[in-house]
Structure formats: structure tokens, C-alpha cells
Amino acid sequence: MTLPKAYLSRRISFSACHRLHSLKLSPEENVQIYGKCNNLHGHGHNYVVEVTLFGPVDPITGMVENLSILKQYMEQGIMHEMDHKNLDKDVQFFHERPSTTENVALYIWSRIRSMMARPELLHEVKIHETENNVVIYRGE
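My aim in this report is to walk through the structure given alongside it, one point at a time. (Residues numbered from 1 in each chain as written. Predicted model: local features only at pLDDT ≥ 70, side-chain atom pairs only at ≥ 80, totals over all residues. Heavy atoms only, no water.)

**A look at the overall build of the protein**
Here comes step 1: The number of helices and strands found in the protein is four helices and five strands.
Here comes step 2: Overall, the protein is about 60 × 25 × 25 Å in size when its C-alpha atoms are taken along their principal axes.
Here comes step 3: By the burial criterion, 38% of the 140 residues in the protein qualify as buried.
Here comes step 4: Relative to all contacts within the protein whose residues are 6 or more apart in sequence, the contacts with residues 24 or more apart total 68%.
Here comes step 5: Of the roughly 8300 Å² that the protein leaves accessible, carbon and sulfur atoms contribute 50%.
Here comes step 6: One way to put it: in the protein the 15 positive side-chain charges average out to a point 2 Å from where the 17 negative ones average out. (Helix = DSSP H or I, 4+ residues; strand = E, 2+ residues; numbered from the N terminus. Buried < 20%, exposed > 50% of the residue type's maximum accessible area, 1.4 Å probe, protein only. Contact = heavy atoms within 4.5 Å. Areas by Shrake-Rupley, 256 points an atom, 1.4 Å probe, with all protein chains shown as cover. Lys, Arg positive; Asp, Glu negative; His and termini not counted. Charge placed at Lys NZ, Arg CZ, Asp CG, Glu CD.)

**Re helix H2 (residues 67-82)**
Here comes step 1: Over its 16 residues, H2 runs 21 Å from end to end, which matches the ideal 22 Å to within 8%, given 1.5 Å per residue.
Here comes step 2: Along H2, the sharpest change in direction is near 35° and occurs at Glu75.
Here comes step 3: Taken together, the buried positions of H2 are occupied by Leu70, Tyr73, Met74, Gly77, Ile78, Met79 and Met82.
Here comes step 4: Remark: His84 follows H2 within two positions and exhibits a positive phi of approximately 55°. (Expected span 1.5 Å × (residues − 1). Bend = angle between axes of the 7 residues up to and from the residue.)

**Observations regarding the layout of surface pockets**
Over the atoms a probe the size of a water molecule is rolled, and this reveals where empty space is left.
Here comes step 1: The space that makes up the largest pocket amounts to roughly 320 Å³.
Here comes step 2: Along the walls of the largest pocket sit 19 residues, with Arg19, His21, Asp88, Lys89 and Phe94 positioned nearest its centre.
Here comes step 3: Looking at the lining of the largest pocket residue by residue, the classes come out as five nonpolar, eight polar and six charged. (1 Å grid on protein atoms, 1.4 Å probe; cavity = no way out; pocket = protein on both sides within 12 Å on 5 of 7 lines; lining within 4 Å. Points joined across faces, edges and corners; volume = space filled by probe spheres on them. Nonpolar A, V, L, I, M, F, W, Y, C, P; charged D, E, K, R; others polar.)

**Quick notes on the packing of aromatic side chains**
Here comes step 1: In the structure shown here, the tally under the stated rule is six aromatic pairs.
Here comes step 2: Relative to Phe94, the ring of Phe93 lies with its centre 5.1 Å away and its plane at 85°, an arrangement referred to as edge-to-face.
Here comes step 3: When its relative accessible area of 3% is taken as the criterion, Phe94 is described as buried.
Here comes step 4: Aromatic pair Phe94 and Tyr107: ring centres 5.8 Å apart, planes at 55°, arrangement tilted. With Phe94 in the loop between helix H3 (87-90) and helix H4 (101-115) and Tyr107 in helix H4, this residue pair connects regions lying 13 residues apart in the sequence. (Phe/Tyr/Trp six-rings, centres within 6.5 Å; stacked < 30°, edge-to-face > 60°.)

**A few points about unusual backbone geometry**
Here comes step 1: Positive phi, close to 55°, is recorded for His84, a residue that is not glycine.
Here comes step 2: Assignment of secondary structure puts His84 in the loop between H2 and strand E3 (85-86).

**As for the packing of H2 against H4**
Here comes step 1: Where H2 meets H4, the closest approach of the two axes is 9 Å, and the angle between their N-to-C directions is 135°. It follows that H2 is oblique to H4 by the angle criterion. Viewed along their axes, H2 and H4 form a crossing whose handedness is right-handed. Contact residues: Tyr73, Met74, Gln76, Gly77, Ile78, Glu81 and Met82 in H2; Val104, Tyr107, Ile108, Arg111, Ile112 and Met115 in H4. (Axes fitted to C-alpha atoms, helices over the stretch in contact; angles between N-to-C directions. Parallel < 35°, antiparallel > 145°, perpendicular 65-115°, else oblique. Left-handed = near helix turned anticlockwise from the far one by under 90°.)

**Description of the nonpolar core**
Here comes step 1: Phe14 and Ile108 are the most contacted members of the largest nonpolar core, which totals 31 residues.
Here comes step 2: For this core, the secondary structure elements donating two or more residues are strand E1 (5-18), strand E2 (43-56), H2, H4, strand E4 (122-128) and strand E5 (134-137).
Here comes step 3: Look past the residues within four positions of Phe14 in its chain and what remains in contact with it is His45, Asn46, Tyr47, Val49, Ile78, Met79, Met82, Asp83, Val104 and Ile108. (Core = buried A, V, L, I, M, F, W, Y, C linked by side-chain atoms within 4.5 Å.)

**Describing the pattern of salt bridges**
Here comes step 1: One pass over the full model with this rule turns up four salt bridges.
Here comes step 2: Of the charged contacts in the structure, one is a salt bridge between Glu65 and Arg118, with a shortest N-O distance of 3.8 Å. Of this pair, Glu65 sits in the loop between E2 and H2 while Arg118 sits in the loop between H4 and E4; the two residues are 53 residues apart in sequence, bridging distant segments of the chain.
Here comes step 3: Taking the relative accessible area as the measure of exposure, Glu65 reaches 12% and is therefore buried. (Salt bridge = Lys/Arg side-chain N within 4 Å of Asp/Glu carboxyl O.)

The analysis is restricted to geometry; functional conclusions fall outside its scope.
Here is the structure:
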């Protein structure tokens with residue numbers, strides 16, 4: 001018997017600052033590409049992150065995953081690592097790559113996936129950088 005599958009999402013928000021800057025570009029190229037987001041002193045965001053799992057609904061528990069477990073992954077992988085931090089200075093991942101929202105999504109994906117007992121359930125990381133700017137990463 002094939003078990004029905006469902007999507008399960010949880011949302012969390014964190015605040016962090018960063019500066020869009022690539023060590024592989026000249027100062028002039030950084031300003032040209034990143035504009036005001038290349039400000040030497042950085043700028044901040046109130047990021048909203050949605051982590052979505054997809055998988056079979058367990059016939060005993062009725063869940064794809066226990067939400068309290070997903071919450072723990074997100075607290076440890078996102079809040080503990082990134083909330084009220086300077087992404088560029090406080091998170092090793094961004095010491096050698098620009099802290100774009102795309103790269104933030106890659107980082108969160110790898111952090112969450114590395115903690116999961118069943119990493120194949122991780123379907124999507126969606127980050128709302130602003131009301132208008134959203135990045136989705138699905139491990140591709």
C-alpha cells in the first residue's frame with residue numbers, strides 16, 4: 001500500500017545584518033553590482049524563513065514529521081546561528097562568499113539537512129528577505 005504524501009511547513013523569522021560584497025570582485029565591481037547593499041557598514045533585514053518537508057504521512061502518528069522536531073532543527077540551524085548576528089563576520093560560511101539571500105538559503109538548507117534523521121524529507125527553504133524579495137531553494 002502506498003502511503004499518501006503531504007507537505008509540512010514551518011515559518012520562523014530572524015534579524016541579521018550583512019554587506020553584499022564579493023572578495024572575487026574589485027571594489028568598483030562590488031559597487032556596480034550590489035549598489036547601496038555594498039555599504040561598508042552593512043544593512044539589516046528581518047528575514048522570514050519557511051522550511052518545507054515532503055513525505056509520506058505516517059499511518060500511526062498521522063504526521064510527515066513531528067513539528068516540535070522541525071522546530072528544534074530550525075532553532076538550532078537558523079536562530080542559534082544567525083539571529084542578531086552579522087552574517088559576514090559571525091557565520092563562517094559567509095567568510096568566503098557573498099551573503100546574498102540565495103547563499104543564505106543554501107546555508108540554511110545544508111544546516112537543516114545535516115541535522116535531520118530523515119534528510120530526504122527536506123523539500124524547500126523559502127526566504128523572504130523583504131516583502132518583495134523572495135528566494136526559494138530546493139537542493140538543486
